Amino acid sequence: MFDSPENDSISPALRGLLELFATDLADVKFPDVDTAVLGEAAAHVREKAEAVARAQAALDAARQVLNESQESLLQKGQRALAYAKVFAEDDAELGAKLEAIHLPRPTRKAGRSEGPQATVEPVGMAPGSEENAPRRRGRPPKVRPVAGGSLFTEGGNTPESLANAQDDAASGLPS
């Protein structure tokens, strides 16, 4: 008889009253008000709430279709404006009229996924830190072997030994 409180369009206080009339006051009848009258009125409210929810869903769908149509028109308008500017290169008056028109940029669709995009933060890095910057494109720079080290000797080209050797080379100290 009763919907869950999260989906109910009836206030908690009225739900409590309805529950009392359904249990403790089930046999009590007041003039124009009893369990049946209250239950019928509550059912009517829930029915109207469902109608509102359906209308809201239809409105949301219609707005989505309208936004898509507006976006399509804007893209076609951008293309038409570009063509018209090329066409009007020899006509200064028409070119001035076209230059006065400033269409907004079309919004780009970020794929077909719906809902917010989650960004994954590496563990231990604060947002906005330098390590969180986008990676550079292309190949990483080559690391040249440092004199005295070998690829096949123990500890020859570890990151620490390479960094120490580069620091030594920069300061003029022998490795």
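Data block above holds the structure.
To keep things clear, this report deals only with the structure shown in the data block.

### Side note on the overall build of the protein
The secondary structure content of the protein amounts to four helices and zero strands. Going residue by residue from the N terminus, the α and β elements of the protein occur as α-α-α-α. Across the 175 residues of the protein, 11% fall into the buried class. When contacts within the protein are restricted to residue pairs at least 6 apart in sequence, long-range pairs at least 24 apart make up 36% of them. Split by element, the accessible area of the protein, about 15200 Å² in all, is 57% carbon and sulfur.

### Concerning the packing of helix α1 (residues 12–22) against helix α2 (residues 35–87)
Two elements in contact, α1 and α2, have axes whose closest approach is 9 Å; the angle formed by their N-to-C orientations is 145°. For the crossing formed where α1 meets α2, the hand is left-handed. On the side of α1, the interface is formed by Leu18, Phe21 and Ala22, while α2 contributes Thr35, Leu38, Gly39 and Ala42. The residue inventory of the contact of α1 with α2, partitioned by class, reads five nonpolar, two polar and no charged.

Rules behind the numbers
Residues numbered from 1 in each chain as written. Predicted model: local features only at pLDDT ≥ 70, side-chain atom pairs only at ≥ 80, totals over all residues. Heavy atoms only, no water. Helix = DSSP H or I, 4+ residues; strand = E, 2+ residues; numbered from the N terminus. Buried < 20%, exposed > 50% of the residue type's maximum accessible area, 1.4 Å probe, protein only. Contact = heavy atoms within 4.5 Å. Areas by Shrake-Rupley, 256 points an atom, 1.4 Å probe, with all protein chains shown as cover. Axes fitted to C-alpha atoms, helices over the stretch in contact; angles between N-to-C directions. Left-handed = near helix turned anticlockwise from the far one by under 90°. Nonpolar A, V, L, I, M, F, W, Y, C, P; charged D, E, K, R; others polar.

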